[in-house]
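# Tertiary structure, described
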Amino acid sequence: MTTKQISNGVVHKLPTDLREALRADKKALALWEDITPLARNEWICWTISPKKPETRADHVKRVVSELKEGMRRPCCWLGCIHRTDKSISPSVRWVLGAKQS
């Protein structure tokens, strides 16, 4: 049996834990495939950013539930800083600088 490839983001590849969570929920998977590659990239970046494994696991669960609630991007997320096709906005640069202080 062949399983359909699940779409990645623009910069980030879909991590295994998020892939499995989406595969386990048909509605969330359909919604995942309906959002733009840039939106998928934001969700992936938001998911892989936490340092603690338990926080990351929470983010994986929240991707599934928040997609099903109608969210197309993570709430209150500064955006992916890994994209090289655009510069980081001044507001994001300020927040990243404030975090280092």
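The structure under discussion appears in the preceding block.
What counts, and where the lines are drawn
Residues numbered from 1 in each chain as written. Predicted model: local features only at pLDDT ≥ 70, side-chain atom pairs only at ≥ 80, totals over all residues. Heavy atoms only, no water. Core = buried A, V, L, I, M, F, W, Y, C linked by side-chain atoms within 4.5 Å. Buried < 20%, exposed > 50% of the residue type's maximum accessible area, 1.4 Å probe, protein only. Helix = DSSP H or I, 4+ residues; strand = E, 2+ residues; numbered from the N terminus. Contact = heavy atoms within 4.5 Å. Expected span 1.5 Å × (residues − 1). Axes fitted to C-alpha atoms, helices over the stretch in contact; angles between N-to-C directions. Parallel < 35°, antiparallel > 145°, perpendicular 65-115°, else oblique. Salt bridge = Lys/Arg side-chain N within 4 Å of Asp/Glu carboxyl O.

## Some details on the nonpolar core
Leu14, Leu18, Leu22, Trp32, Trp43, Val63 and Leu67 are the most contacted members of the largest nonpolar core, which has 15 residues in total. If you list the elements that add at least two residues to this core, you get helix H1 (16-23), helix H2 (26-34), helix H3 (37-48) and helix H4 (53-68). Apart from the residues lying within four places of it in its own chain, the contact partners of Trp32 are Ile6, Ser7, Leu14, Leu18, Leu22, Arg40, Trp43, Ile44, Val63 and Leu67.

## Digging into H4
Along an α-helix, residues three or four positions apart point the same way, because every turn accommodates 3.6 residues. For H4, with 16 residues, the first-to-last C-alpha span of 23 Å sits near the 22 Å given by 1.5 Å per residue. Restricting attention to buried positions, one finds in H4 the residues His59, Val60, Val63, Val64, Glu66 and Leu67. In this structure, the buried side of H4 is in contact with H1, H2 and H3. Taken from the residues just after H4, Gly70 is the one with a positive phi, measuring 100 degrees.

## Brief notes about the packing of H3 against H4
The N-to-C vectors of H3 and H4 enclose an angle of 150 degrees; their axes lie 8 Å apart at closest approach. In terms of orientation, H3 lies roughly antiparallel with respect to H4. For the pair formed by H3 and H4, the contact residues are Trp43, Trp46, Thr47 and Ile48 on the first element and Arg56, His59, Val60, Arg62, Val63, Glu66 and Leu67 on the second.

## Examining the environment of Lys26
Structurally, Lys26 is set in helix H2. Linking Lys26 and Val64, residues 38 residues apart in sequence, is a C-alpha distance of 10.0 Å.

## Observations regarding the side chain of Glu66
With respect to the helices and strands, the residue Glu66 is situated in helix H4. On the basis of relative accessibility, which here comes to 9%, the residue Glu66 falls in the buried class.

## Observations regarding the pattern of salt bridges
Tallied over the entire structure, the rule returns five salt bridges. Arg56 is paired through a salt bridge with Asp17; the nearest N and O atoms lie 2.7 Å apart. Highlighted residues: Arg56 in helix H4 and Asp17 in helix H1, separated in sequence by 39 residues. Classification of Arg56 as partly exposed rests on a relative accessible area of 24%. On the basis of relative accessible area, Asp17 is assigned to the partly exposed category, the value being 31%. Here Arg72 ties to Asp34 by a salt bridge, and the two come within 3.3 Å at their closest N and O atoms. Here Arg72 is found in the loop between H4 and helix H5 (90-100), whereas its partner Asp34 is found in helix H2, with 38 residues between them in sequence.

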